[in-house]
Amino acid sequence: IREGHGRTWAKAILLGEHSVVYGHPAVAMPLHDLQMRATATPTAGPSMLHSLEYSGPMGDSGPGFACIARAFEAAREFSGRMDQSFEIVTTSDFPHERGMGSSAAAAGAVIRAVLDACGREASADDLFALTQMAEQIAHGRPSGLDAAATSSPCPIRFQGGQMRPLAQRIEGAQLVIADSGVHGRTREAVGGLRERYEADPDGVGPLINSLGALAQAGIAALDDGDAQALGSAMNRAHEVLAELGLSLPVLNRLTAAARNAGALGAKLTGGGLGGCVIALADSAETADAVASALRSAGAPTAWTYRMRTSEANR
Ligand code: MEV
């Protein structure tokens, strides 16, 4: 037994949040510059957690840290080391509860740190299953998109619990991700949509299906290297998400500011009801203009990412 380390990343959903829960495809990018790190140090006393504002016994960490506590237990169980206590420290380059996948990223990093400390090898499928087990505490019934994207080396297409590397042939484009400053409420957003769907399947079902079709159009646009088509799918997806009651005035204002500054497309990203927006820019110059417009419109932070082209089996 030794000190163990784990690392995951923030993620941004380009298209397909919410409809992915209903079996449609989604597209997500790991944001490799924004890391989540965990350290697991063996200790003789009770297990302790130091994460965000919490510092104390793992067992007393409360509902806000239930996902991490579950990840910790799952990783010890998987390693056959339930008797071993650890001091767990997490640090992150990105805010939590902003639709950037912090709960899945934290769970994934803690699981990797504990397995590393125990010298226990795990396959990608095992790591995904352990992270999903922890995420179920935070989200209820997560699709698995966050667990997959926060630990992927490349952009992914995700559907029905399966992830595949994505073909990306748009040259020179950049993504801008901006924090609205409002906490996202993924669990509430997913639960609320489920209730509305069950109450009105004929009204809500077609909107969910259209989010799935837009994700499919986005996958084709990435494959064809067509930034305009990707941007249009993002703009339309924002409208549909808003129609489903998942946006907020601040998210509508930020996405409009991004479009006015030259973004080809802009939408909320993640669970909604707060969190982040994502915009597509055709060049680094436009991305800078979009990021500064988003800050002027009230976003406390905006990050820009160059989209790297990648090949994948068609
Ligand atoms: C949250 O980042 C993404 C949602 O689609 C929920 C899920 O996939 O479990 C809103």
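Chemist: Please clarify how helix α9 (residues 284-296) should be interpreted in this entry.
Modeler: Along an α-helix, residues three or four apart share an orientation, since each turn contains 3.6 residues. The terminal C-alpha atoms of α9 lie 18 Å apart, and with 13 residues this matches the ideal 18 Å at 1.5 Å per residue to within 8%. Turning to α9, its buried residues number three or more, namely T286, A287, V290, A291, A293 and L294. Seen end-on, α9 carries its buried residues on one side only, within an arc spanning 160°. Away from its buried face, by an angle of more than 90 degrees, α9 presents the exposed residues E285 and S296. Residues of α9 that are buried sit in contact with β8 (174-179), α8 (249-260), β10 (276-281) and β11 (301-306). Of the residues trailing α9, G298 is marked for its positive phi of about 115°.

Chemist: What is the right way to read the environment of G298 from this model?
Modeler: Along the polypeptide, G298 turns up in the loop between α9 and β11. Judged by relative accessible area, which is 48%, G298 ranks as partly exposed. For the pair G298 and L254, spaced 44 residues apart in the sequence, the C-alpha separation amounts to 7.9 Å.

Chemist: Would you mind going over the pairing of strand β7 (residues 162-165) with me for this structure?
Modeler: Both faces of the sheet carry side chains from a regular strand, because those side chains alternate between them. Bridge analysis of strand β6 (residues 156-159) against β7 gives four bridges, and the strand direction is antiparallel. In the strand pairing of β7, Q159 is matched with Q162. Hairpin connection between β6 and β7: a loop of two residues separates the two successive antiparallel strands, and G160 in this loop has a positive phi of roughly 55°.

Chemist: When you look at the side chain of S310 in this model, what are you seeing that I'm missing?
Modeler: Looking at the secondary structure, you find S310 in the segment after β11. At 2.9 Å, the side chain of S310 and the backbone oxygen of L166 are in polar contact. Not counting residues up to four positions away in its chain, the partners in contact with S310 are L166, A167 and Q168.

Chemist: Would you mind showing me how to read the packing of aromatic side chains here?
Modeler: Each aromatic ring pair is described using two quantities: the centre-to-centre distance and the angle formed by the ring planes. Counted by the stated rule, this structure contains four aromatic pairs. Aromatic pair Y54 and F65: ring centres 5.5 Å apart, planes at 35°, arrangement tilted. With Y54 in strand β4 (residues 54-57) and F65 in the loop between β4 and α1 (66-79), this residue pair connects regions lying eleven residues apart in the sequence. When the ring of F72 is compared with that of F86, the centres are 6.2 Å apart and the planes differ by 90°; the resulting orientation is edge-to-face. Separated by 14 residues along the polypeptide, F72 in helix α1 and F86 in strand β5 (residues 85-92) bring together distant segments of the chain. Overall, the relative accessible area of 0% leaves F72 in the buried class. Positioned above the aromatic ring of F78, the side-chain terminus of R120 is 4.1 Å from the ring centre.

Basis of the calculations
Counting restarts for each chain: residues are numbered from 1 in the order of the written sequence. Selection of residues for local features in this predicted model requires a pLDDT of at least 70, selection of side-chain atom pairs for listing and counting requires 80 or more, and totals for whole chains, interfaces and linings are taken over all residues. Derived side-chain values reflect all non-hydrogen atoms in the structure, with water molecules and hydrogen atoms excluded from consideration. Working definition: helices are DSSP H or I runs of at least four residues, strands are E runs of at least two. Numbering for both runs from the N terminus. Every helix has an expected span of 1.5 Å times one less than the residues it contains. Exposed residues in this analysis have more than 50% of their type's maximum accessible area, buried residues have under 20%, and partly exposed residues fall in between, with area computed by a 1.4 Å probe over protein chains only. The arc in question is formed by the directions pointing from the helix axis toward the C-beta atoms. Any two residues whose heavy atoms approach within 4.5 Å at even a single point are treated as in contact. When DSSP locates at least two bridges between a pair of strands, those strands are taken to pair. Pairing of N or O atoms within 3.5 Å defines a polar contact, subject to two protein rules: one partner must be a possible hydrogen donor and the other a possible acceptor, and residues neighboring in sequence count only if both atoms are side-chain atoms. Only Phe, Tyr and Trp rings are paired, with Trp represented by its six-membered ring, and only when their centres lie within 6.5 Å; those with planes under 30 degrees apart are stacked, over 60 edge-to-face, the remainder tilted. Whether a charge sits over a ring comes down to the Lys NZ or Arg CZ being within 6 Å of the ring centre and within 35 degrees of the ring normal.

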